[in-house]
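Coordinate analysis (summary)
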Amino acid sequence: MIKNKITIAGSGGQGALSMGQMIAYAGLKEGLEATWLPSYGAEMRGGTANCSVIISEVEIPYPIVTEPDYCIVMNLPSLLKFESIVRPGGILIINSSMIPEKATREDLSVFYVPADEIAEEEKNPRGANMVLLGVYITIAGSIKEESIAAIIDKTFTGSKARFAESNKQLVTRGIEYGKNI
Amino acid sequence: MTKVLMKGNEVIAEAALRAGCRAFFGYPITPQNEIPEYFAREMPLRNGTFIQAESEIAAMNMVMGASASGARAMTSTSGPGYCLKLEALAAMTLTRLPAVVVVVMRNGPAFGTMNAAQEDYRMNGNGGYKVVTFAPSTIQEAADMTFEAFDIADQYRNPVVILADGMIGQMMGSVDFDKLPAKREHLPEKTWALHGRGQRNGKSEFLFIAEGKNHYQEKYDAETILYPEIKANETSVEIVDVEDADIVMCAYGTAARMCVAAVEAIGSEVKLGLIRPRTLWPFPYETFGQIGDPCKAIICPEINIIGQMIDDVRIASAGRWPVHHVGDSATGPLTPDGIIEKVKEVWKEMKV
Amino acid sequence: MSVLYGKPESLNDVPFTFCPGCTHGLTLKLVASVIDEMDMGDDTISVGCVGCGGYMPWFMNVDTIFSLHGRAPANATGVKRMNPDKLVFTYQGDGDLASIGTAEIIHAAHRGEKFTTIFVNNTTYGMTGGQMAPTTLIGQKTTTSPYGRDAGLCGQPLHICELLSTIDGAKYIERVAVDSPVSVRKAKKAIRKAFECQMAGAGFSLIEILSTCPTNWGMSPLESLERIRTEMIPAYPLGVFKDWEEGDK
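Figured I'd write up the structure that's included with this text. (Residues numbered from 1 in each chain as written. Chains lettered and ligands numbered in written order. Predicted model: local features only at pLDDT ≥ 70, side-chain atom pairs only at ≥ 80, totals over all residues. Heavy atoms only, no water.)

Turning our attention to the overall build of chain A. Scanning chain A for helices and strands turns up six helices and six strands. Along chain A, helices (α) and strands (β) appear in the sequence β-α-β-β-β-α-β-β-α-α-α-α when read from the amino end. Here the C-alpha radius of gyration of chain A, 15 Å, is about what a compact globule of 181 residues would show, namely 16 Å. With the C-alpha coordinates aligned to their principal axes, the bounding extent of chain A is approximately 40 × 40 × 35 Å. Within chain A, residue pairs in contact and separated by at least 24 positions form 56% of the contacts whose partners lie at least 6 positions apart. Counting only carbon and sulfur atoms, one obtains 52% of the accessible surface of chain A, whose full area is about 7,800 Å². Separation of charge centres in chain A, based on 17 positive and 21 negative side chains, amounts to 5 Å. (Helix = DSSP H or I, 4+ residues; strand = E, 2+ residues; numbered from the N terminus. Rg over C-alpha atoms; globule rule 2.2 N^0.38 Å. Contact = heavy atoms within 4.5 Å. Areas by Shrake-Rupley, 256 points an atom, 1.4 Å probe, with all protein chains shown as cover. Lys, Arg positive; Asp, Glu negative; His and termini not counted. Charge placed at Lys NZ, Arg CZ, Asp CG, Glu CD.)

Turning our attention to the arrangement of the chains. The highest contact count of any of the two pairs of chains in contact belongs to chains B and C. At no point do chain A and chain C touch; the closest pair of C-alpha atoms across them sits 28 Å apart.

Another aspect to go through is the interface of chain B and chain C. The partner chain C presents 31 residues to the 36 residues of chain B that form the contact. Summed over both partners, the interface of chain B with chain C comes to about 2,600 Å²; 58% of that surface belongs to carbon and sulfur atoms. Considering only the side of chain B, the residues that lose the most area to chain C are B:Glu54, B:Arg197 and B:Phe206, jointly responsible for 27% of the buried surface there. At the junction of chain B with chain C, the criterion picks out five salt bridges. For C:Asp42, the salt bridge identified is with B:Arg197, shortest N-O distance 3.1 Å. Our enumeration of links across chain B and chain C arrives at 21 residue pairs in polar contact (both at pLDDT 80 or more). Sorting the residues of the side of chain B that touches chain C by element identifies strand S2 (23–26), strand S3 (49–52), helix H3 (56–68), helix H4 (79–95) and strand S9 (206–207) of chain B as the ones contributing at least two each. With eight residues, the single largest contributor to the side of chain B that touches chain C is H3(B). Of the residues in the side of chain B that touches chain C, the class split is 18 nonpolar, 11 polar and seven charged. (Buried area = accessible area lost by both parts, 1.4 Å probe. Salt bridge = Lys/Arg side-chain N within 4 Å of Asp/Glu carboxyl O. Polar contact = N/O pair within 3.5 Å; in protein donor to acceptor, adjacent residues only side chain to side chain. Nonpolar A, V, L, I, M, F, W, Y, C, P; charged D, E, K, R; others polar.)

Quick look at the pattern of salt bridges now. All names here are of chain B. Tallied over the full model, the rule gives 48 salt bridges over all chains. Among the ionic pairs, Arg276 bridges to Glu141, the shortest N-O distance being 2.8 Å. Taken as a pair, Arg276 in strand S12 (residues 272–277) and Glu141 in helix H5 (residues 139–156) lie far apart in primary sequence, 135 residues in all. For the pair formed by Arg276 and Glu141, the shared burial category is buried. One salt-bridge network, held together by shared partners, links Glu14, Arg18, Glu42 and Arg46. (Buried < 20%, exposed > 50% of the residue type's maximum accessible area, 1.4 Å probe, protein only.)

Once that is clear, we can look at the interface of chain B and chain A. Contacts between the two partners involve 24 residues from chain B and, on the opposite side, 19 residues from chain A. Both faces combined, the contact of chain B with chain A buries some 1,700 Å², and carbon together with sulfur accounts for 67% of it. Here A:Glu33 ties to B:Lys3 by a salt bridge, and the two come within 2.4 Å at their closest N and O atoms. The tally of links between chain B and chain A comes to five residue pairs in polar contact (both at pLDDT 80 or more). Looking at the side of chain B that touches chain A, the elements with two or more residues in it are strand S1 (4–7), helix H6 (166–170), strand S8 (172–175) and helix H8 (253–266) of chain B. In terms of residue count, H8(B) provides more of the side of chain B that touches chain A than any other element does, six residues in total. Across the side of chain B that touches chain A, the residue classes tally to 13 nonpolar, seven polar and four charged.

Look at helix H1 (residues 16–29) of chain A: 20 Å from first C-alpha to last across 14 residues, which is about the 20 Å you get at 1.5 Å a residue. Those residues of H1(A) that sit buried are A:Ala16, A:Met19, A:Gly20, A:Met22, A:Ile23, A:Ala24, A:Ala26, A:Gly27 and A:Leu28. (Expected span 1.5 Å × (residues − 1).)

This part takes up a nonpolar patch on the surface. All names here are of chain C. Taken together, the side chains of Tyr55, Trp58 and Met127 make up a nonpolar region of the molecular surface, amounting to roughly 300 Å² of accessible area. Relative to the assigned elements, Tyr55 resides in the loop between strand S1 (44–47) and helix H2 (56–59). A relative accessible area of 35% places Tyr55 in the partly exposed class. (Patch = residues over 30% accessible without salt bridge, like charges linked within 9 Å, V, L, I, M, F, W, Y side chains within 5 Å.)

All right, on to the sheet that holds strand S11 (residues 247–250) of chain B then. Residues and elements named next belong to chain B. With respect to topology, five strands assemble into an open sheet ordered S10-S12-S11-S14-S15, the strand pairing being mixed. In the strand order of this sheet, the two ends are held by strand S10 (237–240) and strand S15 (323–326), each with one partner. Averaged over all pairs of adjacent strands, the angle between their axes in this sheet comes to 20°, without regard to strand direction. Where strand S14 (residues 297–301) and S15 come together, four bridges link them in parallel fashion. Along S15, the bridge assignment pairs Ile299 with His324. Along the sheet, helix H10 (residues 336–351) makes contact with S11, S12, S14 and S15, crossing S15 at roughly 150°. (Pairing = 2+ DSSP bridges. Axes fitted to C-alpha atoms, helices over the stretch in contact; angles between N-to-C directions.)

Before going further, it helps to spend a moment on the pairing of S8(B). Residues and elements named next belong to chain B. Residues Met172 and Ser174 line one face of S8 and the alternating positions Gly173 and Val175 line the opposite face, and both faces are buried. Inspection of the sheet shows S1 paired to S8 by four bridges, in the antiparallel sense. In the sheet register, Lys7 faces S8, and the bridge partner there is Met172.

Summed over all chains, the structure comprises zero disulfides over all chains. Counting only cysteine sulfurs, B:Cys250 is the nearest neighbor of B:Cys300, a cysteine outside any disulfide, at a range of 5.4 Å. With a relative accessible area of 0%, B:Cys300 lands in the buried category. The thiol of C:Cys197 is unpaired, and the distance to the nearest cysteine sulfur, on C:Cys161, comes to 13 Å. (Disulfide = S-S within 2.5 Å.)

This is how it looks when you write it as structure tokens:
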């Protein structure tokens, strides 16, 4: 069966697309089928950037997520655009550092995560996406922290290697945060 | 090697490299940019040539020159660039030069939008010619078809087109390069390749129309010998449950994936079959003979507003079933929901 | 008995089919002679064009590809990149090169492609029946400038050598004429210089050859040669515009 249909959205540079890629990489690493599809074009330059991610035990028929089980939003325009499409009973993870508003739907499980503040605490101000990734790992239980850690090690090499440890730490912080909400 | 997760565009480029492509000429256009970018990174490391040309016209003419010199050459583009490449593509069918042209389709006409689409099915250069046209539906298939395209181009001395939609280019999916098709054996030697007449004991080669032929003879031979041979050998199609379907859908590329999603959603209410051409030329006309008696209608979903492949579907149907188009709406591109709605509508009409 | 004068080996043994007084045949013989003298006949690939210059492949005895209108420089780019040690040249007229093929010629020079272009300028479209080209002189009557070329409507004639010599990748650029025995000998030297520039790997080279089109000019062969001297050379000064061995002129 299809395990998770995920929509991740934020403004350009917040790392919504790369977070989605990491989930897909982790899914494949754990023997699942995975697809990742970005919104692209004009939307990539400014506006909201979003991606569809599917991890599945079976072949994935169609890669665009129209009714996500999990929706992670990193800025206000993304909340306004995507809250309405989440599957009834689905999960909405909100970056409360950037979004003061609350969700309006009552048929969703909503989690507020001060991701940028946690990232600041770890002195990695661009790492809010890793915190949210950690929260997703805890709530969904579909992929393992070790898989993400391995992917971080593989992604951050060369001049970026110094970010690997800090990013892994942020994922762990997110996982811990997820356990307590 | 195991499965890796890659963007469709990069998969196409890697498969081409594995097929021995060492000459790539491109020009930036969304949504195919990752293809030239991949070659720009890889060609210097893998002893190949990458040129970002001044235009799609120039890029395709460079492909022609490299192919004439015996190289496995390729270019990639989207609809607005494909029109420009048709000039040299048509010339290469006449001069009988192999090459692979990848078209990652977007919404048109002209500027259109950058949304994935299926808008270039009908696009053809001047003068009448046919080229094997692949339509990948998955990332693995994009790899397999690109890999095989080079062999097919060389086997028949005729270009091959990969008609992918923007979603195949942009999505990441799993691919296993160990599962590429086997390399074809006994491909004809390129004795015509231009390296100077010294390569042929002083006999010079003039690449224009095969020696001893005029235009009419060349085209006549193509239509009566070459194209029938390609049709017999290369037609490829996936057929799902057409024998007892109430409605058969015919779609390619991402639209076919949407059909699979539609079958999952309402397959229990209506028996749905699927014909998915893997080659758009040669089009699998004969396949429609396998459609069973219960079938009352054909639906042809395409990611466009004015149907294109539907004309071939109508020819294949030969009046045996009504053929319905479903495509983009006034607000956006085709979705699985759009197909489901169309199936319900046609099903309701059938039951009345 | 010794042969004092013969057909170059790099020409096919067929009669030229150009109009009486047309200098294409003479120019092709010069190109073929230089190839022979450089002993490059076995290692040359020529790229044809569309127009009267497009007849070149039928007369040249070297490996050749016929290319689309204006696209010869792009085609030659593909050929030369796959054959870096061969002599590659395009043979293009002024309609082909200076009009529909401007993007291709400028960017071949811009990339410093190591091939040579033989650019035959006769100030008109010959094959299609004498239409105006970007190189047509002011006041010159053609079928599409029946009242004479008007600079106010069509601009001044385009100077390809001057234009290309501003591009760094162009390493040998010279304009010659074929109106007299003296200038024919100079033209031959220029072609040789350009081929040597290419084989030295210096960059792009182009020789513009001021040529005749008696048929479309409505002149006798002799009058046509005279027109090169009296009308064309004043508008298109002869000389070397770029020489990789001596720095810019």
